[in-house]
Amino acid sequence: MAPVNPVTLLEQNQNRSNIKRFISNFNIDYKFWFLKDLRFNLNAGIDYAENDGAQYSIANPNNSEAFPFVNLYSGLNRNTSIDFYLNYKKELESINTVVDITGGHAYQEFYVRSNLDQSQGPTVTVRTDINRNALESYFARASFDIADKYLVSASFRRDGSSRFSEDNRWGSFPGVSLGWKVMNEDFMNDSFFSNLKV
């Protein structure tokens, strides 16, 4: 039996694919004209990709039971995100306190779809797989800087993920913190510390 020409095998086995991808981001940072201490921030983004291709190979001429192979495939990959928040920051001179309040929402979705149409002789395989999951969050924070010495902050997050069952999809995460700028106290005027905060 004559050997198979390797150049012929390479020329008769083809695998070609095309990929299209689009990436974009969008941002808005806006201060309200009627309340200069209030600002709105929005971030949105998308990463979108499509692919399709085909793979062909001839039957092995040295094997009478071999069949030609055909594989057609395509897919889509999409990642989208959007988050926004309102922030209010103002120094209240009457009580010598800087108030910083933030509240917002965030959402992100991952979506992947793959299609396969494969045949090798009498065997045909057709399959479509879809994988989707999403994350969503609500968040708020309030901070108070009193007399440039004492710090009080409280935060709250509520996060959800589609990877969990509906009964366990959401979780709440509160938090509180206190701080003391010791360096700004009068008794620290002659201290050798450059900065001290508890």
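Note: the structure precedes this text.
Below, the structure is looked at part by part. (Residues numbered from 1 in each chain as written. Predicted model: local features only at pLDDT ≥ 70, side-chain atom pairs only at ≥ 80, totals over all residues. Heavy atoms only, no water.)

**Remarks on the overall build of the protein**
So, step 1. Assigned secondary structure in the protein consists of one helix and seven strands.
So, step 2. Ordering the α and β elements of the protein from the N terminus gives α-β-β-β-β-β-β-β.
So, step 3. When burial is assessed residue by residue, the protein has 21% of its 198 residues classed as buried. (Helix = DSSP H or I, 4+ residues; strand = E, 2+ residues; numbered from the N terminus. Buried < 20%, exposed > 50% of the residue type's maximum accessible area, 1.4 Å probe, protein only.)

**A closer look at the packing of aromatic side chains**
So, step 1. By the definition in use, this model includes five aromatic pairs.
So, step 2. Here the aromatic cluster, defined as three or more aromatic residues joined through ring pairs, consists of Tyr30, Phe32, Trp33 and Phe34.
So, step 3. Here the basic side chain of Arg78 rests over the ring of Tyr111, its NZ or CZ set 4.6 Å away from the ring centre. (Phe/Tyr/Trp six-rings, centres within 6.5 Å; stacked < 30°, edge-to-face > 60°. Lys NZ or Arg CZ within 6 Å of the ring centre and 35° of its normal.)

**So, the pattern of salt bridges**
Pairing between side chains of opposite charge can happen when the charged atoms of each approach one another.
So, step 1. The full count for this structure, using the stated rule, is ten salt bridges.
So, step 2. The salt bridge involving Arg39 is made with Asp29; its shortest N-O contact spans 2.8 Å. Here the residue Arg39 occupies a position in strand S2 (residues 38–57), and Asp29 occupies one in strand S1 (residues 14–31), the gap between them amounting to ten residues.
So, step 3. The exposure class assigned to Asp29 is partly exposed, which follows from its relative accessible area of 46%.
So, step 4. Linking Lys90 and Asp37 is a salt bridge whose minimum nitrogen-to-oxygen distance equals 3.3 Å. Placement of the pair is Lys90 in strand S3 (residues 69–92) and Asp37 in the loop between S1 and S2, with a sequence separation of 53 residues. (Salt bridge = Lys/Arg side-chain N within 4 Å of Asp/Glu carboxyl O.)

**Section: a nonpolar patch on the surface**
So, step 1. Side chains of Phe144, Ile146, Tyr150, Val152, Val176, Leu178, Trp180, Phe187 and Val198 sit close together on the surface and give an oily, nonpolar patch of about 900 Å² of accessible area.
So, step 2. Here Val198 shows up in the segment after strand S7 (170–180). (Patch = residues over 30% accessible without salt bridge, like charges linked within 9 Å, V, L, I, M, F, W, Y side chains within 5 Å. Areas by Shrake-Rupley, 256 points an atom, 1.4 Å probe, with all protein chains shown as cover.)

**Overview of the environment of Gln120**
So, step 1. Structurally, Gln120 can be placed in strand S4 (residues 97–120).
So, step 2. Taking C-alpha positions, Gln120 is 6.4 Å from Val70, a pair spaced 50 residues apart along the chain.

**Points about the pairing of strand S6 (residues 150–161)**
So, step 1. When strand S5 (residues 123–146) meets S6, the two strands line up antiparallel, connected through twelve bridges. Residue Asp145 lies in a different strand from S6, and its bridge partner there is Leu151.
So, step 2. Counting the residues that bridge the hairpin from S5 to S6 gives three residues, and of these Ala147 lies at a positive phi of roughly 55°.
So, step 3. Bridge count between S6 and S7: eleven bridges; the pairing is antiparallel. Residue pairing in the sheet places Ser153 in a bridge with Ser177 of S7. (Pairing = 2+ DSSP bridges.)

**Remarks on unusual backbone geometry**
So, step 1. In the Ramachandran plot, Asn96 falls in the positive-phi region, its phi being about 50° despite a non-glycine side chain.
So, step 2. Of note, Asn96 is situated in the loop between S3 and S4.
So, step 3. Owing to a relative accessible area of 42%, Asn96 belongs among the partly exposed residues under this scheme.
So, step 4. Look at Ala147: it is not a glycine, yet its phi comes out positive at around 55°.
So, step 5. Position of Ala147 among the secondary structure elements: in the loop between S5 and S6.

**So, the side chain of Ser143**
So, step 1. Residue placement: Ser143 occurs in strand S5.
So, step 2. For Ser143, a relative accessible area of 18% corresponds to the buried category.
So, step 3. Here Ser153 takes part through its side chain, which lies 3.2 Å from a polar atom of the side chain of Ser143.
So, step 4. Each residue touching Ser143, except ones within four places of it in the same chain, is listed here: Val98, Val99, Asp100, Val152 and Ser153. (Polar contact = N/O pair within 3.5 Å; in protein donor to acceptor, adjacent residues only side chain to side chain. Contact = heavy atoms within 4.5 Å.)

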